[in-house]
Amino acid sequence: MKREATKSIVVLTGICLIVAVVLAAVNHVTAPIIEESAASGAQASLYVVLPNAAGFEEETPEGEVPQTVTGIFRDTGGSGYAVTLSTTSSYSATPMTFTLGVGTDGKITGVEMTNYAESKDFGEYPSTYIGQDSALSGVDVYAGVTYSSQAFRGAVEDAFAVLVELGGVAQGNKTDEQIIDELKIQLLPGALNRAGAPKLKEITVSDP
């Protein structure tokens, strides 16, 4: 009985070792292919957001770069920049990744989502950023996916901050309303909701 149990253990151990060796061999073969495929997909997204680009050179900014910015690529033909971004929200199963194209005029030329695993569809929200400069005065959060759209917008703002710091694009002019909203957040940080928007009610005061 003991001999049979020992034999079974030896057989099972041998099978486990064989499976481990096979998996290691498969991983050794497929890992470079997967990595190359991912790199190829990321490279393809650069041309999607800057379709007239001649080629790309990666930029390495001096100083600290936001964690959301995973790569900055300059078009060697001088049409602008492509920035790869990764961000998460409270409900992200995996990081939301996308590529942003910004022309030399400081306006967004294209947005390409490379990973989006949220439960609710983003719809056409990313395309509403096209044509906007760093002020982003023409876009807002997206109803139904407020947290994700907040995270998306934050990543876009990070991309612009890096590009402006590089001197690649000019800073956009914010509207008076945007400036007031930013002051509200600075002066009343405790009045923010979970999405980061101020919970404020405007009161009209009549003259005595």
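Everything here concerns the structure above.
For the structure given in this document, a descriptive report is provided here. (Residues numbered from 1 in each chain as written. Predicted model: local features only at pLDDT ≥ 70, side-chain atom pairs only at ≥ 80, totals over all residues. Heavy atoms only, no water.)

### Focus on the environment of glutamate 118
To keep things clear, this is the line we draw: Where helices and strands are cited, they refer to DSSP runs of H or I of at least four residues and of E of at least two residues respectively, numbered from the N terminus. Buried, partly exposed and exposed residues are distinguished by accessible area as a fraction of the type maximum, computed with a 1.4 Å probe on protein chains only: under 20%, between the cut-offs, and over 50%, respectively.
Structurally, the position occupied by glutamate 118 is in the loop between β5 (108–115) and α2 (146–166). By relative accessible area, glutamate 118 is classed as buried at 12%. Residues glutamate 118 and threonine 94 lie 24 residues apart in sequence; the distance between their C-alpha atoms is 8.3 Å.

### Here's the deal with the nonpolar core
As a reminder of what qualifies: We define a nonpolar core as any set of buried Ala, Val, Leu, Ile, Met, Phe, Trp, Tyr and Cys residues linked to one another through side-chain atoms lying within 4.5 Å.
Counting 25 residues, the largest nonpolar core has Leu85, Leu100, Ile108, Tyr129, Phe152 and Val156 as its most contacted members. Counting only elements with at least two residues in this core, the list comes to β2 (69–75), β3 (80–87), β4 (96–103), β5 and α2. Among the elements that take part in this core, α2 stands out by supplying seven residues, more than any other.

### Here we look at unusual backbone geometry
One non-glycine residue with positive phi stands out, namely leucine 136, at about 50 degrees. Along the chain, the position of leucine 136 falls in the loop between β5 and α2.

### Things to note about the sheet that holds β3
The cut-off we apply is this: In short, DSSP must find at least two bridges between two strands for them to pair. The angle between two axes is taken between their N-to-C directions and runs from 0 to 180 degrees, where each axis is a line fitted to C-alpha atoms and a helix contributes only its stretch in contact. Any two residues whose heavy atoms approach within 4.5 Å are treated as being in contact.
Across the sheet, five strands lie side by side as β1-β2-β3-β4-β5; this open sheet has antiparallel pairing. Both outer strands of the open sheet, β1 (56–58) and β5, are each paired with one neighbouring strand and no more. Neighbour to neighbour, the strand axes of the sheet diverge by 20 degrees on average, direction disregarded. The sheet contacts of α2 involve β2, β3, β4 and β5, and relative to β4 the element is tilted by about 40 degrees.

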